There are 4 protein chains.
Amino acid sequence: MSSSYGDNFRISIFGESHAAAIGVTIEGLPAGSPIDSGKLQEFLERRAPGRDAFSTSRREADAPEFLCGVKNGIATGAPITAIIRNSDMRSNDYANLANIPRPGHADYPAEVKFGGCQDRAGGGHFSGRLTAPLCIAGGIALQQIERLGVSVSARAVRIGGETDPNRMKAAIAAARDAGDSVGGVVEAEVRGLPPGIGGPMFGGLENRIAQIVFGIPAVKGIEFGEGFAVADLKGSENNDPYGVVDGKVVALTNHAGGILGGISTGAPVVFRVAFKPTPSIAKEQDSVDLEKMEPAKLVVKGRHDPCVVLRAVPCVEAAAAIAVYDAVLDRKKEM
Amino acid sequence: MSSSYGDNFRISIFGESHAAAIGVTIEGLPAGSPIDSGKLQEFLERRAPGRDAFSTSRREADAPEFLCGVKNGIATGAPITAIIRNSDMRSNDYANLANIPRPGHADYPAEVKFGGCQDRAGGGHFSGRLTAPLCIAGGIALQQIERLGVSVSARAVRIGGETDPNRMKAAIAAARDAGDSVGGVVEAEVRGLPPGIGGPMFGGLENRIAQIVFGIPAVKGIEFGEGFAVADLKGSENNDPYGVVDGKVVALTNHAGGILGGISTGAPVVFRVAFKPTPSIAKEQDSVDLEKMEPAKLVVKGRHDPCVVLRAVPCVEAAAAIAVYDAVLDRKKEM
Amino acid sequence: MSSSYGDNFRISIFGESHAAAIGVTIEGLPAGSPIDSGKLQEFLERRAPGRDAFSTSRREADAPEFLCGVKNGIATGAPITAIIRNSDMRSNDYANLANIPRPGHADYPAEVKFGGCQDRAGGGHFSGRLTAPLCIAGGIALQQIERLGVSVSARAVRIGGETDPNRMKAAIAAARDAGDSVGGVVEAEVRGLPPGIGGPMFGGLENRIAQIVFGIPAVKGIEFGEGFAVADLKGSENNDPYGVVDGKVVALTNHAGGILGGISTGAPVVFRVAFKPTPSIAKEQDSVDLEKMEPAKLVVKGRHDPCVVLRAVPCVEAAAAIAVYDAVLDRKKEM
Amino acid sequence: MSSSYGDNFRISIFGESHAAAIGVTIEGLPAGSPIDSGKLQEFLERRAPGRDAFSTSRREADAPEFLCGVKNGIATGAPITAIIRNSDMRSNDYANLANIPRPGHADYPAEVKFGGCQDRAGGGHFSGRLTAPLCIAGGIALQQIERLGVSVSARAVRIGGETDPNRMKAAIAAARDAGDSVGGVVEAEVRGLPPGIGGPMFGGLENRIAQIVFGIPAVKGIEFGEGFAVADLKGSENNDPYGVVDGKVVALTNHAGGILGGISTGAPVVFRVAFKPTPSIAKEQDSVDLEKMEPAKLVVKGRHDPCVVLRAVPCVEAAAAIAVYDAVLDRKKEM
């Protein structure tokens, strides 16, 4: 189903931006797994809005309420459901969007798919807000794999054409001041993953990571290791030779991004994700009044990020952790 | 499961390069669907080896035998299984690979995952040869969506750093002569897809296409529409304004690559796929003798393509057709 | 996953008897589907405890709160999540159960499976209370199929060895007075289902219905049409001859219970479900102290039904409606 | 999908009675698992037709050809596909069935579902012959669980109203002589399964076993432990008290059939399956000519078993082994 992911660590995300709540149900977390709620909250706050000068001014605590599946900080083995109540909603901001789809948003295709019954307010189920439950599940997955010695870290490596952190911030500020927005690239690295995780064909690490990462709004591309640069490389340049280090087989370079044949090599899994500039911009745009079926000018009101890339960093970590942990659980069946 | 894909048009690929056969089982093709075997064969031949000067000289007819599920050219509604017998195998070419994993290949991670029980000959289940059954299923999916007015076409847009077709061929030839290989990029376009196909989060068109495309060997990246270039664009540049054309809502530009919120907009779905240079090269490479756990020099023998990009073109079309048709069937449940 | 069911109308049940809440997430209800909350509430009340002299005296409103996916009584197309807060919990009743598993309950195998981390109070995720979210999803599925002209009705046909309704009640009362419990059989009938729904092998109507019905606690058997009585019938007695009635093909008898080859024949789908006597009885029973690993006498305290059969009737209807609606959605893909 | 089963040991059955071949693909058998082909063949021969006086005189070797996934008797970790070529087909026997559906068979609902495109000959994908690939997968699963100390055995306990083996045979012979058929009941027992296998709700052992068992043609009911007899028992009679035997918790009786809350208790898993009398009988029957839409008399020609129960015994074992092994693999993820 469209809002569910995973074969073994199965997450099912629900909620709409302006509904009563958003949340996630997790099946497959082994009974007895500890959940450190303080650490989870810290992780969630990295994603939360209103933390810096650049992100939307909507503020929500994003403190999940665990309805079931956790007792005294320990997974009971039953499904875990955590919700976050929505508050601080300004549905009026969206009044003029009812008939005029926002360019670059899901509005128009959603209108066709759901026949106008979708909850338009705040983007409904398409809202970036739905990355909060993704991060709840991801934060739990992170704690699981960390106990196995696997870490995940991501960072913005390009924003608005800039690669220097200070210049990135300046680009965001400039876009905000211009009523515009900028996109960027997040790079993630998974360290400590042993070789042998993943599988051939459609169950490979690349397939699994790509499938979940495109579930983060605004993602338009993903590449592993050298990525698109492989198009300009020779096999003799791109192949990673093996050596013996400390009695172990080690890839001496890592053009492959830690994955061959869909399976981890033991080298860090490295991938980059392209985020488009936030489609909600203050500038007037051309659209269509769907009722009158005639051209219409649109000015998007409300609070919007001029750039989602910084807040997307923990989302990419969450997605990677879920995909990797799901693959790790798969591996257990073989042993 | 790792070698299966799809929720509605479900393909399950089996086989190993040097086993008795390779093949595919398809569940979910509606009874009564015609299968034009001549057209299918034409499609398969675009992928088949030995068709030009650049690809491996191994020649196989790649003519599938349909074991069941098709009668008089019509799908019966039962699962369809088609196989291709392997022949012209030279397993001896792989004798020296038993203990020395080829850099850039799945050999080493597969060794770890399968504990040495995997069929190493010819790459086993990881072989590019397994794209033949993918193309059987994809060729059938193509025929299905064509009847709905949807077409898929792909082409190589970059090989060995070159974008001009003649220069691409020269780059391949040069790599071959140097005992080396080159990578490239394939661009695909799906035209005629109505708006409303796909879904939010993990069931989006991007997720589905990415999941299957990374099942083609050597793929290291995928991007939709502007792709990674969005990192350098502003929202006002990247958003596609809507207009009314012939009484229909139309995106006037297509930076989104025909997908917003995971759902088709009605504009062509456009994506690009990065293929790494074939890891099998004639040049001597550094590897490890896994038995002795000491460094070893490796020279890969056998017949290998200096570039898989040209043969990958129909594979990308097949993958796109399967993903799109699977999503089209999903849409039927909503109506 | 264990607490999820369905390919097209996908339900995912969560919660534990004494956790903060129980609930269900539904994916796959087409956008625009109306949900009549009054009718749903009426349906849920048929299952609710405390409605008659025989059932447990624990009373809960069982009024679901819809967190998302429904707006103004219409499905938005996004996942629907409904929860019921737990209240009126008396966890102390379960204090002495921590180390002494109740015979006939999931306690001991759950202890092994979940390593003692499961929530024991009230049966945790194994509680009969979890049939409330099943009935929420089932009530919605019922409304969907009713609009297609399909109805589902079930009734108790045997309790405590009795088939007469008055005698059934007497048997329950006698069991209650004796600190004991009784089992029974529920028969369900699905009318109005057109022929052609279901499929061969593992996707047949019998497979689908059986898979969900065994998810209702205390179920130990299911049979379709003549069921186990077929063991004593001849083919000439059991085969249902066809005739033409009002221009339609009609099975003139219905020994098959409306299903042949896993597919509906157009005749009513008829099945019976065996419910064991409630394992929670007041009588002293032999068990084991798991900590001391020595025999222990157990007296189960708390409020318990002497018979779950009457309250199980709407649960069977809910299960049947979900299974049938899921199969109906499958059929849409073929047309 | 309808012809696939299992989450971890995934089987996908294909073929039609009179197509070129039938077969099965298995995903999820861990690399390195030995497959004893002699033992597998012995198992398959227990199901094969033409072995005794009572079964159909069609004889087929039923010797599977393994196309891939097995090398030198060891699973390689890639999907395993085994096929059996069809031979000895007499399609003419089915010529008069084209327009007149056989009572008690899938003919009519299949005609509706597949719009007349299904392969009618020999029952197509609904043929009992498709239990051969089920037994290939089941025979492999049996070998896997046997190495874990788990055994599966089934036997006919009732045929044609008789429970004595000699009288059962007489009942079959009498039915055959009368151009009729008889049904029966098969009882299966799974011994050696440790406690803790299975899960709550829809992933319970009962759900899993029921889902696959109804995939065997002619099954109309399944019950676990006391089964339908629970309707006449009191809780104090049906509950299985626990004791300590050899330092282990043991259920002192086994009314539950080894399953509580969907999870194994450590006691033998016991279930019974009802098989209807073979619908193909020599006696003239009432049906309908679907083309003329008028009543028609039908006489089924061809070779048919007067009773499928004896040949179904290994099929029930195969189904049980697959379901149990799939659940055993699930358990590995939790540990």
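Above this text is the structure in question.
Quick notes on the rules
Residues numbered from 1 in each chain as written. Chains lettered and ligands numbered in written order. Predicted model: local features only at pLDDT ≥ 70, side-chain atom pairs only at ≥ 80, totals over all residues. Heavy atoms only, no water. Helix = DSSP H or I, 4+ residues; strand = E, 2+ residues; numbered from the N terminus. Buried < 20%, exposed > 50% of the residue type's maximum accessible area, 1.4 Å probe, protein only. Contact = heavy atoms within 4.5 Å. Areas by Shrake-Rupley, 256 points an atom, 1.4 Å probe, with all protein chains shown as cover. Lys, Arg positive; Asp, Glu negative; His and termini not counted. Charge placed at Lys NZ, Arg CZ, Asp CG, Glu CD. Least-squares fit on C-alpha atoms with pLDDT ≥ 70 in both. Buried area = accessible area lost by both parts, 1.4 Å probe. Salt bridge = Lys/Arg side-chain N within 4 Å of Asp/Glu carboxyl O. Polar contact = N/O pair within 3.5 Å; in protein donor to acceptor, adjacent residues only side chain to side chain. Nonpolar A, V, L, I, M, F, W, Y, C, P; charged D, E, K, R; others polar. Pairing = 2+ DSSP bridges. Axes fitted to C-alpha atoms, helices over the stretch in contact; angles between N-to-C directions. Parallel < 35°, antiparallel > 145°, perpendicular 65-115°, else oblique. Phe/Tyr/Trp six-rings, centres within 6.5 Å; stacked < 30°, edge-to-face > 60°. Left-handed = near helix turned anticlockwise from the far one by under 90°.

Peer 1: Sorry if this is basic, but what is going on with the overall build of chain A here?
Peer 2: Assigned secondary structure in chain A consists of 7 helices and 17 strands. Along the first, second and third principal axes, the C-alpha set of chain A runs to 70 × 50 × 35 Å. With 335 residues in all, chain A has 65% of them scored as buried. The long-range fraction of contacts in chain A, counting pairs at least 24 apart against all pairs at least 6 apart in sequence, stands at 71%. Accessible surface computed for chain A: about 10700 Å², of which carbon and sulfur atoms make up 49%. Each charge sign in chain A was given a centre, from 36 positive and 39 negative side chains, and these centres are 2 Å apart.

Peer 1: Hey, could you run me through the relation of the copies chain A and chain B in this one?
Peer 2: These two copies of the chain differ by a rotation about an axis and a displacement along the same axis. Between chain A and chain B, which share one sequence, the superposing operator has a rotation angle of 180 degrees and an axial displacement of 0.0 Å; the RMSD is 0.0 Å. Overall, the copies show the geometry of a two-fold rotation axis.

Peer 1: Can you help me understand the interface of chain A and chain B in this one?
Peer 2: Interfaces are often sized by the accessible area lost when the parts come together. Contacts between the two partners involve 100 residues from chain A and, on the opposite side, 100 residues from chain B. In terms of surface lost to chain B, no three residues of chain A exceed F202, K220 and Y242 of chain A, which account for 12% of the buried area on that side. Between the two partners, chain A and chain B, sit 6 salt bridges. R158 of chain A serves as the salt-bridge partner of D232 of chain B, at 2.7 Å between the closest nitrogen and oxygen. Taken together, the links from chain A to chain B amount to 43 residue pairs in polar contact (both at pLDDT 80 or more). Its residues assigned to classes, the side of chain A that touches chain B shows 49 nonpolar, 33 polar and 18 charged. Pairing of strand β10 (residues 219-224) of chain A with strand β10 (residues 219-224) of chain B, which is carried by 3 bridges, proceeds in the antiparallel orientation. Considered in β10 of chain B, the bridge of I222 of chain A is made with I222 of chain B.

Peer 1: Whenever I open this one, the interface of chain B and chain D confuses me. Can you help?
Peer 2: With 40 residues of chain B in contact, the opposing surface of chain D contributes 40 residues. Roughly 2800 Å² is buried in total at the junction of chain B and chain D, and carbon and sulfur atoms are behind 59% of that figure. Per-residue buried area on chain B facing chain D is highest for M1, E27 and L67 of chain B; these three make up 21% of the total on that side. Counting the contacts that link chain B with chain D gives 4 salt bridges. Notably, a salt bridge pairs E65 of chain B with R85 of chain D, separated by 2.7 Å at the nearest N-O pair. In this assembly, chain B and chain D are joined by 18 residue pairs in polar contact (both at pLDDT 80 or more). When residues of the side of chain B that touches chain D are traced back to their parent elements, those giving at least two are β2 (10-15), β3 (21-27), β4 (65-68), β6 (74-75) and β7 (80-85) of chain B. Ranked by residues supplied to the side of chain B that touches chain D, first place goes to β2 of chain B with 5 residues. Considering only residue class, the side of chain B that touches chain D consists of 17 nonpolar, 15 polar and 8 charged.

Peer 1: Is there a simple way to think about the packing of helix α1 (residues 37-47) of chain B against helix α7 (residues 309-332) of chain B in this case?
Peer 2: Geometrically, a packed helix pair is captured by the angle between its two axes and the distance between the axes. Residues and elements named next belong to chain B. Contact geometry for α1 and α7: axes closest at 6 Å, N-to-C directions at 130 degrees. Relative to α7, the element α1 lies oblique. Together, F43, R46 and R47 of α1 and R311, V313, P314, C315, E317 and A318 of α7 make up the contact between the two elements. Of the residues that constitute the contact of α1 with α7, the class distribution is 5 nonpolar, no polar and 4 charged.

Peer 1: Just checking my understanding: could you explain the packing of aromatic side chains for this structure?
Peer 2: Here a ring pair, both rings aromatic, is described through the centre-centre distance and the interplanar angle of the planes. Applying the stated rule across the entire model yields 26 aromatic pairs over all chains. Ring geometry for F9 of chain A and Y325 of chain A: centres 5.2 Å apart, planes at 70 degrees, overall edge-to-face. Linking F9 of chain A in the loop between β1 (4-5) and β2 (10-15) with Y325 of chain A in helix α7 (residues 309-332), this pair joins segments that are 316 residues apart in sequence. Accessibility expressed as a relative area gives 0% for F9 of chain A, which makes it buried. An aromatic cluster of three or more residues is present, and its members are F214 of chain A together with F224 and F271 of chain B.

Peer 1: Is there a simple way to think about the sheet that holds strand β7 (residues 80-85) of chain D in this case?
Peer 2: Strand pairing in a sheet relies on backbone hydrogen bonds. The paired strands run either parallel or antiparallel. Residue and element names in this part refer to chain D. If you walk across this open sheet you meet the 5 strands as β1-β2-β3-β7-β4, and the pairing is antiparallel. Two strands lie at the open edges of the sheet, namely β1 (4-5) and β4 (65-68), each paired on one side alone. Note: strand β2 (residues 10-15) against strand β3 (residues 21-27), 6 bridges, orientation antiparallel. Within β3, the residue paired with S12 across the bridge is T25. In the packing of helix α3 (residues 131-146) onto the sheet, contacts are made with β2, β3, β4 and β7, and the angle to β3 comes to roughly 30 degrees.

Peer 1: Would you take a moment to explain the packing of helix α5 (residues 205-213) of chain C against helix α7 (residues 309-332) of chain C for this structure?
Peer 2: All names here are of chain C. Where α5 meets α7, the axes come as close as 9 Å, and the angle between the chain directions of the two elements is 140 degrees. In terms of their interaxial angle, α5 and α7 are classed as oblique. The element α5 and its partner α7 pack so that their crossing is right-handed. Here α5 contributes L205, R208, I209, I212 and V213 to the contact with α7, which in turn contributes A319, I322, A323, D326, A327 and D330. Grouping the constituent residues of the contact of α5 with α7 by class yields 8 nonpolar, no polar and 3 charged.

Peer 1: Could you clarify how one ought to interpret the pattern of salt bridges in this entry?
Peer 2: Side chains that differ in sign of charge can pair as their charged atoms come close. Taken as a whole and assessed by the stated rule, the structure comprises 88 salt bridges over all chains. The partner of K283 of chain C in a salt bridge is D180 of chain C, with the nearest N and O atoms 3.4 Å apart. Linking K283 of chain C in the loop between β15 (269-275) and β16 (285-289) with D180 of chain C in the loop between α4 (165-177) and β9 (184-191), this pair joins segments that are 103 residues apart in sequence. Here D305 of chain D and R311 of chain D are joined by a salt bridge, their closest N and O atoms 3.0 Å apart. Each member of the pair, D305 of chain D together with R311 of chain D, is buried.

Peer 1: Explanation requested: unusual backbone geometry in the structure shown.
Peer 2: With the exception of glycine, the majority of residues adopt a negative phi angle, and the majority of peptide bonds are in the trans configuration. Of note, N72 of chain B is a non-glycine position whose phi angle comes to about 55 degrees, a positive value. By the secondary structure assignment, N72 of chain B is in the loop between β5 (70-71) and β6.

Peer 1: How do you make sense of the sheet that holds strand β1 (residues 4-5) of chain C when you look at a structure like this?
Peer 2: Residues and elements named next belong to chain C. Strand order in this open sheet of 5 strands is β1-β2-β3-β7-β4, and the pairing throughout is antiparallel. A single partner strand is all that each edge strand has here, and the edge strands are β1 and β4 (65-68). Relative to strand β7 (residues 80-85), strand β3 (residues 21-27) runs antiparallel, the two sharing 6 bridges. By the bridge assignment, V24 is partnered in β7 with A82. Contacts from helix α3 (residues 131-146) reach β2 (10-15), β3, β4 and β7, with the element oriented near 30 degrees to β3.

Peer 1: Sorry, what's going on with the side chain of E27 of chain B here?
Peer 2: On the secondary structure map, E27 of chain B appears in strand β3. For the buried residue E27 of chain B, which engages in no salt bridge, the nearest side chain bearing the opposite charge is R10 of chain D, 5.7 Å off. Polar side-chain contacts of E27 of chain B include one of 2.9 Å to the backbone nitrogen of S3 of chain D. Dropping the residues within four chain positions of it, E27 of chain B is found in contact with N8, F9, R10 and P79 of chain B together with M1, S2, S3, S4 and S12 of chain D.

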